[in-house]
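What follows is the residue order along each chain.
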Amino acid sequence: MYQFTKDGAGMCDEDDSTLVLEPDKEAPAKARRFLAERFAEWGIADDHTGRLIASELVTNALLHGEGPIFLRVFRDERDGLPTIEVRDGGDGRPLVQPENYAATSGRGLLLVAGLAHDWGTRPLVEGGKLAWAKCGL
């Protein structure tokens, strides 16, 4: 297995969970269901923003990444905030695109940036990249 982020998203406690997704059209829906289950376990009733963020990060990995997609949802032990990490094997770095009202796609990271308490990306030493976002409560 690989190690997830050590910075940015923070450390997690033992109560973490990872889902491996095939890079197919079902991945975003599976990610939303997985996040909803985790939030329900934690007693978080409003999971709308978390589901949207997870869906956008997984969709970005699906469209621009390579190989299986790893989704991890945990609570940061430093502040208790739910944190979403998405890892894929692609080398390209996700970038927020400028607003373009005529575009039919390309708004995912802009949406994540607007909804997340904090977020970021980083390349992984072993190859690929990790995108993470913290959900405010």
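Quick note: structure is the one above.
What this report covers is the structure whose coordinates are included nearby. Predicted model, so just to flag it, every value in this text is computed and none were measured. (Residues numbered from 1 in each chain as written. Predicted model: local features only at pLDDT ≥ 70, side-chain atom pairs only at ≥ 80, totals over all residues. Heavy atoms only, no water.)

## Here's the deal with the packing of aromatic side chains
Okay, step 1: Throughout the structure, instances matching the rule amount to one aromatic pair.
Okay, step 2: Between Phe39 and Trp42, the ring centres sit 5.8 Å apart and the planes meet at 40°, which makes this aromatic pair tilted.
Okay, step 3: Look at Phe39 and you get buried, because its relative accessible area is 2%.
Okay, step 4: Its guanidinium or amino end placed over the ring of Phe74, Arg72 lies 4.4 Å from that ring's centre, counting from NZ or CZ. (Phe/Tyr/Trp six-rings, centres within 6.5 Å; stacked < 30°, edge-to-face > 60°. Buried < 20%, exposed > 50% of the residue type's maximum accessible area, 1.4 Å probe, protein only. Lys NZ or Arg CZ within 6 Å of the ring centre and 35° of its normal.)

## Description of empty space enclosed by the protein
Okay, step 1: All told, the structure shown has one cavity of 30 Å³ or more when counted by the stated rule.
Okay, step 2: Every residue along the wall of the largest cavity is listed here: Leu57, Asn60, Ala61, Val86, Asp88, Pro94, Lys129 and Ala131.
Okay, step 3: Put simply, the parts of the chain that give the lining of the largest cavity at least two residues each are helix H2 (48-64), strand S3 (82-88) and strand S5 (129-134).
Okay, step 4: Here the lining of the largest cavity takes three residues from H2, the largest share from any one element.
Okay, step 5: In terms of residue class, the lining of the largest cavity is built from five nonpolar, one polar and two charged. (1 Å grid on protein atoms, 1.4 Å probe; cavity = no way out; pocket = protein on both sides within 12 Å on 5 of 7 lines; lining within 4 Å. Points joined across faces, edges and corners; volume = space filled by probe spheres on them. Helix = DSSP H or I, 4+ residues; strand = E, 2+ residues; numbered from the N terminus. Nonpolar A, V, L, I, M, F, W, Y, C, P; charged D, E, K, R; others polar.)

## Looking at H2
Okay, step 1: Taking 1.5 Å per residue as the helical rise, H2 with its 17 residues ought to reach 24 Å, and the 24 Å between its terminal C-alpha atoms agrees with that figure.
Okay, step 2: The inward-facing, buried residues of H2 abut strand S1 (17-21), helix H1 (27-41), strand S2 (69-75), S3, helix H3 (108-115) and S5. (Expected span 1.5 Å × (residues − 1). Contact = heavy atoms within 4.5 Å.)

## Thoughts on the nonpolar core
Okay, step 1: The biggest cluster of nonpolar side chains holds 24 residues, and the ones touching the most others in it are Ile53, Leu57, Leu71, Ile84 and Val86.
Okay, step 2: Taken together, the elements giving at least two residues each to this core come down to H1, H2, S2, S3, H3 and S5.
Okay, step 3: For Val86, the contacting residues outside a window of four places in its chain are Leu57, Val58, Ala61, Ile69, Phe70, Leu71, Lys129, Leu130 and Ala131. (Core = buried A, V, L, I, M, F, W, Y, C linked by side-chain atoms within 4.5 Å.)

## Observations concerning the pairing of strand S4 (residues 118-123)
Okay, step 1: Summarising the sheet, S4 and S5 pair through six bridges and their orientation is antiparallel. Among the inter-strand pairings, Gly120 is bridged to a residue of S5, identified as Trp132. (Pairing = 2+ DSSP bridges.)

## A look at the sheet that holds S5
Okay, step 1: Reading across from one edge, S1-S2-S3-S5-S4 is the order of the five strands in this open sheet, with antiparallel pairing throughout. The open sheet terminates on both sides in strands that have one partner only, identified here as S1 and S4. Pairwise comparison of adjacent strand axes, ignoring direction, gives a mean angle of 15° for this sheet.
Okay, step 2: Sheet analysis places S2 next to S3, joined by six bridges and oriented antiparallel. Bridge assignment links Leu71 to a residue of S3, and that residue is Val86.
Okay, step 3: Packing against the sheet, H2 makes contact with S1, S2, S3 and S5, and its axis sits at approximately 10° to S3. (Axes fitted to C-alpha atoms, helices over the stretch in contact; angles between N-to-C directions.)

So, to be careful, I would describe these as geometric facts and stop short of saying anything about function.
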